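Residues per chain are reported as follows:
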Amino acid sequence: MPEGDVFSPGSVARQLDDCTFCPKMCRHACPVSTASGRETHIPQVKMDRMNQLRLGRGAWSAEATDPLWACTGCRHCTMYCDHGNEPGLVLLAGRAEAVARGAGHPAMAQYGERFRAREQRLAAQRAALFETRLATEGELGYWPGCDAIDKGAADIAAALAVFDRTGLEHIRVVDAPQACAGYPLLAAGHRDLFRWHAGRVAAALRGFRKVAINCSACLYAMRAQYAAEGIHLRTELVSVADLLAPAAANLACPVHRRTVYYHDPCYHARYSGVMEAPRHALAQLAEVREFGWNRTDTECCGGGGLLPKTMPAVADQMARRRLAEVQATGGGMVVTSCATCTFMLKRNAPPSVEVADLATAMAQLSGTAFTPPTHAADDDP
């Protein structure tokens, strides 16, 4: 189903009706309900609640709309839906309606202002940390993503070091007033603000022929949701993994190859099809092992859909659940290719599990030196 059709009134109504009368065949695939243990968080119940509100069978209130926020948009339920329904996207439409009716989530109060303030702070932080690598135009740009700037500056430094060592030294960090592609605005129910923000990001990227994105939600939003809002980018967009996969052959392969596990970000695997490139990049330097649930069957780390804001304890439990498999085998290194996934998994990792961003792992495995910059992170929004 084209992304632009998911939010049409007819499509939303059909999907809500389908889910309302469904025998819950996808219930096992919802990581939020599994982590929280609440029946009200399975996809069928969340969609039914939204349907009842749509049909006027309940009042729009923060309490009534609470289940709409128990979703990371990971799309795992869609993988098991015979109708191809998209609860993760349809629930975003419900959130927008809830915000318009003054029934948004309490944790999302004043979110537009908070998002704008964070963008200003992160743009300044990026300029201070990577001033010599910034540019507003060029052949190849690098978009780290807001969580990388805020919480993973060392991963940005590692990526730049790997780029330099593999013949990609001409790449420049995109210098823009924005640090985020705007997905959190969409997840917060502010579709108009998202459209406005997306237009500004598109203008900022116009000077680059190609831009490598280090956030799975940013890549998805730029490729799919911008177009759904009528904003078409002239710039070619690729994931950082797509850029590093062919370049990895230029790195020194260690004599003793370490074993690493690869975690597929949901938005890469189920929205953008980025699965083989990160594995290929890692396979040049290490032995890659798979999680029991991988590729399009990957389990969500809890970082999507603003769940860390609306249900922080559940989001952390999802990350711990994801790493439990590696912990049970005695531990090891887990590598992922999204700044948000890196942050969520790293902060919930047990002592026996090391979590690394793809570029950082490649730097460490190949002996590529880099100097982590220092800054104070702020977890809002």
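Scroll up a little and you will see the structure.
Just so we're clear, the structure is a prediction, and the values are computed from it rather than from any experiment.

Colleague: Describe the packing of aromatic side chains, listing the residues and the values that go with them.
Modeller: As enumerated under the stated definition, the model contains eight aromatic pairs in all. Considering the side-chain rings of Tyr183 and Tyr267, the 5.4 Å spacing of their centres and the 70° angle between planes classify their relative orientation as edge-to-face. Placement of the pair is Tyr183 in helix α11 (residues 183–187) and Tyr267 in helix α15 (residues 266–272), with a sequence separation of 84 residues. Since its relative accessible area comes to 9%, Tyr183 is described here as buried. Members of the aromatic cluster, joined through ring pairs, are Tyr183, Tyr220, Tyr267 and Tyr271. Positioned above the aromatic ring of Phe343 is the side chain of Lys151, whose terminal nitrogen or guanidinium carbon lies 4.8 Å from the ring centre. Taking the ring centre of Phe291 as reference, the NZ or CZ of Arg322 above it sits at 4.0 Å.

Colleague: I'd like a rundown of the sheet that holds strand β7 (residues 286–290), residues and numbers included.
Modeller: Spatially, the four strands line up as an open sheet ordered β7-β6-β8-β9, and their pairing is parallel. Edge positions in the open sheet fall to β7 and β9 (353–357), since each of these has one partner strand only. Each neighbouring strand pair of the sheet contributes to a mean axis angle of 35°, computed without reference to strand direction. Sheet topology note: the strand β6 (residues 258–263)/strand β8 (residues 332–336) ladder contains four bridges and is parallel. Residue Val260 lies in a different strand from β8, and its bridge partner there is Met333. Here helix α18 (residues 312–328) sits on the sheet and contacts β6, β7, β8 and β9; the angle it forms with β9, its principal contact strand, is near 125°.

Colleague: Help me get a handle on the nonpolar core, residues and values and all.
Modeller: Core analysis: the biggest nonpolar cluster contains 123 residues, and Tyr142, Trp143, Phe163, Met222, Tyr226 and Val334 have the highest contact counts within it. With residues up to four places along the chain from it excluded, the contact list for Tyr226 reads Ala181, Phe194, Ala198, Val201, Ala221, Ile231 and Leu233. Counting five residues, the second largest nonpolar core, distinct from the first, contains Leu53, Trp60, Ala64 and Ala98.

Colleague: How would you sum up the pattern of salt bridges? Please name residues and give values.
Modeller: This structure, assessed with the given rule, holds 25 salt bridges. For the salt bridge of Asp18 with Arg14, the shortest nitrogen-to-oxygen distance reads 2.7 Å. Residue Asp18 and its partner Arg14 are both found in helix α2 (residues 9–20); the two are separated by four residues, about one turn of the helix. A relative accessible area of 33% places Arg14 in the partly exposed class. Salt-bridge contacts for Glu97 lead to Arg101; the nearest nitrogen and oxygen are separated by 2.7 Å. Among the residues examined, Arg101 registers a relative accessible area of 48% and is labelled partly exposed.

Colleague: Please set out the side chain of Ser33 residue by residue, giving values where relevant.
Modeller: Tracing the sequence through the fold places Ser33 in helix α3 (residues 31–36). Looking at Ser33, the relative accessible area reads 8%, which means it is buried. A polar contact of 3.1 Å, which involves the side chain of Ser33, links it to the backbone oxygen of Cys30. Contacts of Ser33, omitting those with residues within four sequence positions, involve Arg27, Arg38, His41 and Ile42.

Colleague: Tell me about unusual backbone geometry, and name the residues and values.
Modeller: The backbone of Lys24 sits at a positive phi, close to 65°, despite the residue not being glycine. With respect to the element layout, Lys24 can be found in the loop between α2 and α3. For Lys24, a relative accessible area of 28% puts it in the partly exposed group. Its identity as a non-glycine residue notwithstanding, Arg75 has a phi of 75°, on the positive side. The class of Arg75 is buried, set by a relative accessible area of 18%.

Colleague: Explain the state of the cysteines to me, and be specific about the residues and the numbers.
Modeller: All told, the structure shown has zero disulfides when counted by the stated rule. The closest cysteine sulfur to the non-disulfide-bonded Cys22 is located on Cys26, 6.1 Å from its own sulfur. A relative accessible area of 29% places Cys22 in the partly exposed class. Free of any disulfide, Cys215 has its nearest cysteine sulfur in Cys218, 3.8 Å distant.

Rules and cut-offs
Throughout this description, residue numbers start from 1 for each chain and increase along the sequence as written. The predicted nature of this model means local features are confined to residues of pLDDT at least 70 and side-chain atom pairs, given and counted, to a pLDDT of 80 or more, with totals for whole chains, interfaces and linings taken over all residues. Excluding hydrogens and water, the side-chain values take into account all heavy atoms of the structure. Aromatic contacts are taken between Phe, Tyr and Trp rings whose centres are within 6.5 Å, Trp giving its six-membered ring; a plane angle under 30 degrees counts as stacked, one over 60 as edge-to-face, and the others as tilted. In this text, helices come from DSSP runs of H or I with a minimum length of four residues, and strands from runs of E with a minimum of two, each type numbered from the N-terminal end. Here's how the labels work: a residue is buried when its accessible area is under 20% of the maximum for its type, exposed when over 50%, partly exposed in between, all with a 1.4 Å probe on protein chains only. For a lysine, the NZ atom is tested; for an arginine, the CZ atom; a charge sits over a ring if that atom is within 6 Å of the ring centre and within 35 degrees of the ring normal. Two strands pair under a simple rule: DSSP has to find at least two bridges between them. Whenever a helix is involved, its axis is fitted only over the stretch in contact; in every case the axis is a line through C-alpha atoms, and angles between N-to-C directions fall within 0 to 180 degrees. Residue contacts follow a heavy-atom distance rule, with two residues in contact if any of their heavy atoms lie within 4.5 Å. In these notes, a set of buried Ala, Val, Leu, Ile, Met, Phe, Trp, Tyr and Cys residues joined through side-chain atoms within 4.5 Å is what counts as a nonpolar core. By definition, a salt bridge exists where a carboxyl oxygen of Asp or Glu is found within 4 Å of a side-chain nitrogen of Lys or Arg. Pairing of N or O atoms within 3.5 Å defines a polar contact, subject to two protein rules: one partner must be a possible hydrogen donor and the other a possible acceptor, and residues neighboring in sequence count only if both atoms are side-chain atoms. Note that a disulfide, as used here, is simply two cysteine sulfur atoms within 2.5 Å.

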